There are 2 protein chains.
Amino acid sequence: MPPLRRTDVVLDSVKRLQRIGASANLINLLQKQHPSDLAELFSELPDRDRRSTFNLLLDHHSHLAMEALIEYGPEPAAVLLADQSPDRIALWLQEMPSDDAAALIDELPEELSDAVLEQMRPRESGEVENLLDYAEETAGRIMNPTVFALSEDLTAGEAIQALQGSREVEMVFYLYVVDDRRHLVGVVSLRRLLLVATETPLQRIMTIDLISAGVDTDQEEVAQHVANYNLLAIPVVDDQNRLVGIITVDDVIDIIKDEATEDIYRLAGVSGDEHVFSPARESMRKRLPWLLVNLLTATAAALVVRAFQATIDQVVALAVFMTIVASMGGNAATQTLTIIVRGIALGELTWGNSRKAVFKEAAVGLGNGLVLGMVGAAVAWGLSGNMYLGLILAMAMVVNLMVAAIAATLIPIALRALKIDPALASAVFITTLTDVFGFFVFLGLATLFLPYLEPLT
Amino acid sequence: MPPLRRTDVVLDSVKRLQRIGASANLINLLQKQHPSDLAELFSELPDRDRRSTFNLLLDHHSHLAMEALIEYGPEPAAVLLADQSPDRIALWLQEMPSDDAAALIDELPEELSDAVLEQMRPRESGEVENLLDYAEETAGRIMNPTVFALSEDLTAGEAIQALQGSREVEMVFYLYVVDDRRHLVGVVSLRRLLLVATETPLQRIMTIDLISAGVDTDQEEVAQHVANYNLLAIPVVDDQNRLVGIITVDDVIDIIKDEATEDIYRLAGVSGDEHVFSPARESMRKRLPWLLVNLLTATAAALVVRAFQATIDQVVALAVFMTIVASMGGNAATQTLTIIVRGIALGELTWGNSRKAVFKEAAVGLGNGLVLGMVGAAVAWGLSGNMYLGLILAMAMVVNLMVAAIAATLIPIALRALKIDPALASAVFITTLTDVFGFFVFLGLATLFLPYLEPLT
């Protein structure tokens, strides 16, 4: 384990102070923590302690409590807030950046969220409702609508003055320049602004070739843009190219992490919103559907075996070796599937170059199939004393590994083309396919060449 | 497929211009591209076109070519550079930020990299060699040693002047403040600097409680810090707390992506440096060891089946249903494993709360085992007409799902405690374990209750 982190020490202290009821000391300890550390603390505390710790912090340092909630994530944060009164929640939320407030309100029970919106100041509730009107996982939904913009008619000196006078700015390092109807026309860096004479017009120093996202752009695409072009923030524009918001790099990092988690989870048949410490009942409920699908597909594989029951009855050693064919196919398919799904997610695999990927994976499947088939044949020959069993195993493995490679490449690419998340072609499906096909090829070949296997029992 | 990206159109044009040999037009097209787009172009061009396109760009716009190489990534970039002469390479690399130059030199063949370092200006080669002295994947290895720092004795006005006079600054938004022996003592934001009177001493406006990374800090930990605290950059200090470098958020994004890819790959038995378009031979070579290990473990599972061959010989239907037990255990284990490995990677699962995770996963395994066991029992009873077979299947599934859950939780946690990458407990191993155990429990129970199954054939 890594050295104890700062929060581990704090965690122990919080638990101890809770136990002895030393509220004053506890508040004193909590108020010194960074919101991110408080969020981590919440996630590690047992349910009861978490709630009482949060409520204590809320009563004494509501602003810090809210900052910690933002870092904690909207879903668990909503659970902590849900037993507060709508007017108190409204009071706190209208002090938050409206993108964070919107994410939180979206997770509250509907009755409560309606009541909260009603209690908020019209301006703030309007902003939140605007954001919630955009589809989930789009730039519009996650942007911060409070974006600092400069008029294109200003000089550098006037721009600096405007900046000094502004308050509501999230992070200013790019200064977006707009025309009189708020169309985005350029960008100036804060550093550039300092380097020129104060009377220089913004229009002379601004960059006009700038990268922006539309309100409907998918958040994953936004994240890829920011990452590829090494941006610190990206402006969001409506369909008229009017500046309506900003997405900063810290939000982009969260998106990249979430999307990676989602990819990993989907490949394994786990839903994206599950966490290590989701309640057991919730985890059960979320994983069960995938496992039931797997039970169905495993039954399909079993039915294939059943179709060859007569063959197995004559040569029972086949039951021993058929599992090897299926297992190898499943693992080779998982390798290919992972490379392909990640390649699509990182933008390396596109429709244009997908044929190349299929040929490559088929070649890898054939190559590895031949090597593994030979080794497998030797093992089977050695264990059974029958050379033909070894040959049949080798043939089945070569065919199954090639089929595994092609299926694990084509299926996610096809899903992507149909605009379905390619990671949904999870290992559950692909490995069943290789099970079914592996059993079929191996037992089918064995049935054809049964006379050569008969000496075995 | 998403709408055609900008680079898709450029890609087609580049291929066409290459084919007709229109170099002047090609250069004209290339010089208009962003370095990141050029990097993407390189990765999508066929090998031959990539090399000729790069060389053409290098001859006419070497600075842009180098910027594109940085975005392309050190490993493939080194391949493109390797047939240039050492003195030309030295000339280009000494103009790069030294962290990028170091990453590139590290990937060149050793003879060439030695020659290049010899040809570089002593100051630049010294910086690069310093960086390469730090261990791989540490803050020291990936930091940019050119970091802008202000003396603590300056006023705000003097600081702005210093900033205006500086050239070699990567991204200035945090201004680090150091004492006369370059110990890091504080940080001031550029924005803060603009808001105060010019005669204000830096010491009065700087934040002294700042987050830094040590040169030996693991890059994954650095990334977690930057992400958790929403930083744009993190200063790197040596063991004397002297400021020696900076890591910016764009590098952190690359680390987060790479580490996520590594986790996904390892879980599936794929090595971290494989890409969709790695040459087939290389992919084969990299995946084969995992598959050979799987062949060994699958053989172990087959030997378990073989030990019960006499039982199967009497009730051949067992060969049909044993595959269901193994398959369900494997998939449930993959779900648990994925949640646990990702939980460790995201810092949610620690040594302190791991017991809670084991109990939770065991409970989920038991719950899902009971539900699936009942459904499975009904399926097996229906298909075979023997109630006892159904009961044995159900019992085996419950036991196997619980064992799968516990193993898939304990093994990665134990690996982490031993400082081994938990993702190495890949699905390959865990699913074999569930295969072996599933076959053993199911066939073992069947052997015990053989008289009740005898009516079946």
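Okay, so let's go over this structure.

All right, on to the overall build of chain A then. The secondary structure content of chain A amounts to 23 helices and six strands. Its C-alpha atoms give chain A a radius of gyration of 30 Å, clearly above 23 Å, the size a compact globule of 457 residues would have. Oriented by its inertia axes, the alpha-carbon framework of chain A measures out at about 95 × 65 × 45 Å. Counting all 457 residues of chain A, 48% fall into the buried class. For chain A, the proportion of contacts with a sequence separation of at least 24, taken over those separated by at least 6, is 70%.

By secondary structure assignment, the location of B:Val305 is in helix H17 (residues 280–307). Judged by the 28 C-beta atoms lying within 10 Å of it, B:Val305 falls in the buried class. As for B:Val305 and B:Leu243, which are separated by 62 residues in sequence, their C-alpha atoms are 62 Å apart. Apart from residues no more than four positions distant in its own chain, B:Val305 is found in contact with A:Ala319, A:Val320, A:Thr323, B:Phe439 and B:Leu443.

Before going further, it helps to examine the interface of chain A and chain B. Contacts between the two partners involve 94 residues from chain A and, on the opposite side, 94 residues from chain B. Per-element accounting of the side of chain A that touches chain B gives the leading share, 16 residues, to helix H19 (residues 317–345) of chain A. In terms of residue class, the side of chain A that touches chain B is made up of 53 nonpolar, 25 polar and 16 charged.

A separate point is the pairing of strand E6 (residues 243–248) of chain B. Residue and element names in this part refer to chain B. Burial analysis of E6 places six of its six residues in the buried class, the great majority of the element. In terms of strand pairing, strand E5 (residues 233–237) meets E6 through five bridges, oriented antiparallel. Counterpart to Val 237 in the pairing with E6 is Leu 243. A loop of five residues connects E5 with E6, the two strands running antiparallel in sequence, and Asn 241 in this loop sits at a positive phi of about 65°.

Turning to the relation of the copies chain A and chain B, a few remarks are in order. Here chain A sits on chain B after a turn of 180° about the axis and a move of 0.1 Å along it, with an RMSD of 0.1 Å. Taken together, the turn and the small shift mark the pair as related by a two-fold rotation axis. When the interface residues of chain A are mapped onto chain B, 100% of them are again interface residues, pointing to one common binding face.

Okay, helix H7 (residues 86–93) of chain B next. All names here are of chain B. Residues of H7 that are buried: Ile 89, Ala 90, Trp 92 and Leu 93. Down the axis, H7 shows its buried residues gathered within 165° of arc, on one side only. In this structure, the buried residues of H7 make contact with helix H5 (62–72), helix H6 (74–81), helix H8 (98–107) and helix H9 (110–119).

Looking now at the sheet that holds strand E1 (residues 149–151) of chain A. Residue and element names in this part refer to chain A. Read across the open sheet, the three strands follow the order E1-E2-E3; overall the sheet is mixed. A strand with exactly one partner marks an edge of an open sheet, and here the two such strands are E1 and strand E3 (184–189). For this sheet, the mean inter-axis angle between neighbouring strands, taken without regard to orientation, is 35°. Relative to E3, strand E2 (residues 174–178) runs antiparallel, the two being bridged by five bridges. For Leu 175, the partnering residue across the bridge sits in E3 and is Val 188.

Residue and element names in this part refer to chain B. What the three strands build is an open sheet, ordered E4-E5-E6; its pairing is mixed. Among the strands making up the open sheet, the edge pair consists of strand E4 (213–214) and E6. On top of the sheet, helix H15 (residues 219–228) reaches E4, E5 and E6; it is set at about 135° to E5, its chief contact. Contacts from helix H16 (residues 249–267) reach E5 and E6, with the element oriented near 65° to E6.

A word on unusual backbone geometry. The phi angle of most residues is negative, glycine excepted, and most peptide bonds adopt the trans form. The phi dihedral of A:Asn241 falls on the positive side, at around 65°, and the residue is not glycine. Among the secondary structure elements, A:Asn241 is positioned in the loop between strand E5 (233–237) and strand E6 (243–248). Non-glycine residue B:Glu137 carries a positive phi angle of around 60°.

A few words on the packing of helix H20 (residues 354–384) of chain A against H17(B). Between H20(A) and H17(B), whose axes approach to 9 Å, the crossing angle comes to 35°. As H20(A) runs across H17(B), the sense of the crossing is right-handed. Touching A:Lys360, A:Ala363, A:Val364, A:Gly367, A:Asn368, A:Val371, A:Leu372, A:Val375, A:Gly376 and A:Val379 of H20(A) are B:Ala280, B:Ser283, B:Met284, B:Arg287, B:Leu288, B:Leu291, B:Leu292, B:Leu295 and B:Thr299, all from H17(B).

Looking down a regular strand, the side chains alternate between one sheet face and the other. Residue and element names in this part refer to chain B. With five of its five residues buried, E5 lies for the most part within the structure. Residues of E5 alternate between two faces, with Ala 233, Pro 235 and Val 237 on one and Ile 234 and Val 236 on the opposite face, all of them buried. The pairing of E4 with E5 spans two bridges and is parallel. Residue Gly 214 lies in a different strand from E5, and its bridge partner there is Val 237.

All names here are of chain B. Among the secondary structure elements, Asp 421 is positioned in the loop between helix H21 (387–417) and helix H22 (427–448). Exposure remark for Asp 421: the 17 C-beta atoms within 10 Å place this residue in the partly exposed category. Counting along the chain gives 158 residues from Asp 421 to Asp 263, while the straight-line C-alpha distance between them is 9.0 Å. Ignoring anything within four residues of it in the chain, the contact list for Asp 421 reads Arg 266 and Leu 415.

Angle between the axes and distance between the axes: these two values describe a pair of packed helices. Residues and elements named next belong to chain A. Where helix H2 (residues 23–30) meets helix H4 (residues 47–60), the closest approach of the two axes is 10 Å, and the angle between their N-to-C directions is 80°. The orientation of H2 relative to H4 falls into the category roughly perpendicular. Listed contacts from H4 to Ser 23, Leu 26, Ile 27 and Leu 30 of H2 are Leu 56, Leu 57 and His 60. Class assignment for the residues of the contact of H2 with H4 results in five nonpolar, two polar and no charged.

So, how was this worked out
Residues numbered from 1 in each chain as written. Chains lettered and ligands numbered in written order. Predicted model: local features only at pLDDT ≥ 70, side-chain atom pairs only at ≥ 80, totals over all residues. Helix = DSSP H or I, 4+ residues; strand = E, 2+ residues; numbered from the N terminus. Rg over C-alpha atoms; globule rule 2.2 N^0.38 Å. Buried ≥ 20, exposed ≤ 12 C-beta atoms within 10 Å, placed from the backbone. Contact = placed C-beta atoms within 7 Å. Nonpolar A, V, L, I, M, F, W, Y, C, P; charged D, E, K, R; others polar. Pairing = 2+ DSSP bridges. Least-squares fit on C-alpha atoms with pLDDT ≥ 70 in both. Arc of directions from axis to C-beta. Axes fitted to C-alpha atoms, helices over the stretch in contact; angles between N-to-C directions. Left-handed = near helix turned anticlockwise from the far one by under 90°. Parallel < 35°, antiparallel > 145°, perpendicular 65-115°, else oblique.

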